[in-house]
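Per-entry structural report
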Amino acid sequence: MSKRELIHKELTALYDEGVKLAVAFQKKEEKQFQYSYQRWYTKALKAVAALASDRLPEFRSYYEVDPKRKSLGYGTYAIQDYVKGVAPSKFHYPDFDTREETLKCFFNQITILASLNERVDSLLSNIEGELYAELQDNEIVIARQLSKVSVRAAGALVGVVIEGHLQKVATSHGIKLTKKNPTISDLNDPLKAAGVIDTPAWRKISFLADLRNICSHKKEAEPTKEQVEELIQGAEWLTKNVF
């Protein structure tokens, strides 16, 4: 089971647990609501904080009492009030139902939790993209340092970064590749044909492919520092501009 599937599974289980507890509370069938709710809230709070931090203040407000609250009644009652056994004055609110108000707050929390499943895929994709971009940046830095020792090795490393990035771009655009291990040229042409890159970008990538070949294939002439620096700068441009 992938990390994505595991998160979906855990969110669904947490949602089902909340719904089951809310229904039991509504029917007055729960035995220890305070205990069961606090256990659920602790887990749900972490999930909301991790996957929807922008909804966290709202999620907490349904449970926590507002320290700036000036009156207790409709619109200001929180689940924490029910847990503590607090209720508005019967004189001012003769028909106030603490269970009903608590249930409203609880269902609002459950609704927020239910929305998290829709965020998992986009969030994980963003995280994966950020990590991959950071890895590329690190490899380019390493290549620049390596060029002081071996320009050929540095060029070969940057070539791998370029190939990997172009493969990722092709995959994200649904471009099918015929070769199992495509080269820069094998990736460049399909991307241009699909309209992912324009002619100037295609020419620039073709030039990078030529430089990469000089570094990867042993010939009589060694690649120059200038050529490898051009390859490194090209990789920096590519990873920041072609998606």
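About the criteria used
Residues numbered from 1 in each chain as written. Predicted model: local features only at pLDDT ≥ 70, side-chain atom pairs only at ≥ 80, totals over all residues. Heavy atoms only, no water. Helix = DSSP H or I, 4+ residues; strand = E, 2+ residues; numbered from the N terminus. Expected span 1.5 Å × (residues − 1). Buried < 20%, exposed > 50% of the residue type's maximum accessible area, 1.4 Å probe, protein only. Arc of directions from axis to C-beta. Phe/Tyr/Trp six-rings, centres within 6.5 Å; stacked < 30°, edge-to-face > 60°. Lys NZ or Arg CZ within 6 Å of the ring centre and 35° of its normal.

**A closer look at helix α2 (residues 33-51)**
With 19 residues, α2 extends 26 Å between its outermost C-alpha atoms, agreeing within 8% with the 27 Å of an ideal straight helix rising 1.5 Å per residue. Those residues of α2 lying buried are Phe33, Tyr37, Trp40, Tyr41, Ala44, Ala47, Val48 and Leu51. In a view along the axis of α2, the buried residues occupy a sector of 135 degrees, so they form one face of it. In α2, those exposed residues whose orientation departs by more than 90 degrees from the buried face are Tyr35, Lys46 and Ala50.

**Topic: the packing of aromatic side chains**
In the structure shown here, the tally under the stated rule is 17 aromatic pairs. Aromatic side chains tryptophan 40 and phenylalanine 106 sit 5.1 Å apart centroid to centroid with 70 degrees between the ring planes, which places their arrangement in the edge-to-face category. Residue tryptophan 40 is located in helix α2, and its partner phenylalanine 106 is located in helix α5 (residues 98-115); the two are separated by 66 residues in the primary sequence. Here tryptophan 40 and phenylalanine 106 have matching classes, each one buried. Every member of this aromatic cluster is reached through a ring pair, and the members are Phe25, Phe33, Tyr37, Trp40, Tyr41, Phe59, Tyr63, Tyr82 and Phe106. The side chain of arginine 99 reaches across the aromatic face of phenylalanine 25, ending 4.5 Å from its centre. Sitting over the face of the ring of tryptophan 202, lysine 192 holds its NZ or CZ atom 5.8 Å from the ring centroid.

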